[in-house]
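These are the residues of each chain, in order.
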Amino acid sequence: MLITSINNTMRQNKQSFGGKIYSKQTLDKYLDLLGEYRKAGDILRTKMQVTSEATKVKLNETNELIKPLIDNDENFLWAITPANKKDQFARFVTEDNSVITSSSPLHTWDKVIEMIQKRILTERPETLTKEFQEIEPRLKDSTHIQKLKNLKGLLYKKQNHMNNLEDKNENLAMAHYDTISKIEAKLTKTMPITNKSFKQIKTFLRELYHRAVEKQPELKQIYKKKYKKYYNKHQNETIKIGRLKQEASEFGHSCVKDYLKYGSTDSNNIPF
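To start, this report covers the structure provided alongside it. What you see is a predicted model; the values in this text were computed from it and never measured.

When its secondary structure is counted, the chain shows 11 helices and 0 strands. Mapped from its N terminus to its C terminus, the chain presents α and β elements in the order α-α-α-α-α-α-α-α-α-α-α. Within the chain, the fraction of its 272 residues that count as buried is 38%. In the chain, once contacts between residues fewer than 6 apart in sequence are set aside, the share between residues at least 24 apart is 78%. Accessible area of the chain: about 16,800 Å², with a carbon and sulfur share of 51%.

Here it is as structure tokens:
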């Protein structure tokens, strides 16, 4: 099959859609609804980010209360560390070259203590409290018993912060879903297509794109980028050049609609 360069393809593929099938009023209403959908997503992301940042502050504050309990008592840290974690740390210090080459045995022990401290500050609270429940009956030192009790209380506090974040995000997601469901219903109603055939939908998206570009000329760059991406990906397949151009154009129209709706053409960045 003769391969046409992509630049030539773009020049030759300039099509005129002067005869509009759908009214500007209908296209504008649909574009407005896409804007509402996108705004709803932006609001959701902002609210979740604010909630997440507030929770992060609370977790950091709780960690500051935990640090005095784990800073100056190495025997306590070793006593509350599960056997499997002790073995893991032992393997680390025997395999890590920077530890092995150290001339000071104290350096090795300091590294282990540092790892235990870091784990207590960063591990999931429920994992730690489960381990401590099993270790607590074996503790003999009264000071260690009291310290562990205080530590568990702060870990429960961290867990509550994390649970509250999950609950808030779930509530935000449910409210968002309710909002976009209503917008989706309006979008379906606004698209003046009875049987929603692929041909009709493609025509509607094509005219929607051209109306959107009249308002936002910069959208052409998104179209061109996606057109080229599709064309280059499929140009070596056994498909007629005219059909390939049409499919690339349809892909570009669809991507512009996704951008207007979600603020992105990447499905990984689309909320829910």
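Structurally, Leu 59 is set in helix α2 (residues 24-71). Among the residues examined, Leu 59 registers a relative accessible area of 19% and is labelled buried. Through-space distance from the C-alpha of Leu 59 to that of Gln 159 is 9.0 Å; in sequence the pair is 100 residues apart. Among residues more than four places away in sequence, those in contact with Leu 59 are Lys 158, His 161 and Met 162.

Core analysis: the biggest nonpolar cluster contains 31 residues, and Tyr 30, Leu 34, Phe 204, Leu 208, Leu 219, Val 256 and Leu 260 have the highest contact counts within it. Considering each element in turn, this core owes the most residues, 7 residues, to α2. Beyond its immediate sequence surroundings of up to four residues, Leu 34 is in contact with Leu 187, Leu 208, Lys 257, Leu 260 and Lys 261. By size, the runner-up hydrophobic cluster in this structure holds 20 residues, among which are Ile 66, Phe 76, Leu 128 and Leu 154.

All told, the structure shown has 7 aromatic pairs when counted by the stated rule. Ring plane angle 80° and centroid distance 5.0 Å describe the contact between Tyr 30 and Phe 204, whose orientation is recorded as edge-to-face. Of the two residues, Tyr 30 is situated in helix α2 and Phe 204 in helix α9 (residues 198-215); the sequence distance between them amounts to 174 residues. Exposure remark for Tyr 30: the relative accessible area of 5% places this residue in the buried category. Centre to centre, the rings of Tyr 227 and Tyr 231 are 6.4 Å apart; their planes meet at 5°, and the pair counts as stacked. Taken as a pair, Tyr 227 and Tyr 231 lie in helix α10 (residues 219-234) at a separation of 4 residues, close to a single helical turn. In terms of burial, Tyr 227 and Tyr 231 fall into one category: buried. A network of ring pairs unites the aromatic residues Tyr 209, Tyr 223, Tyr 227 and Tyr 231 as a single cluster. Its guanidinium or amino end placed over the ring of Tyr 259, Arg 38 lies 4.7 Å from that ring's centre, counting from NZ or CZ.

Calculation rules
- Residues numbered from 1 in each chain as written.
- Predicted model: local features only at pLDDT ≥ 70, side-chain atom pairs only at ≥ 80, totals over all residues.
- Heavy atoms only, no water.
- Helix = DSSP H or I, 4+ residues; strand = E, 2+ residues; numbered from the N terminus.
- Buried < 20%, exposed > 50% of the residue type's maximum accessible area, 1.4 Å probe, protein only.
- Contact = heavy atoms within 4.5 Å.
- Areas by Shrake-Rupley, 256 points an atom, 1.4 Å probe, with all protein chains shown as cover.
- Core = buried A, V, L, I, M, F, W, Y, C linked by side-chain atoms within 4.5 Å.
- Phe/Tyr/Trp six-rings, centres within 6.5 Å; stacked < 30°, edge-to-face > 60°.
- Lys NZ or Arg CZ within 6 Å of the ring centre and 35° of its normal.

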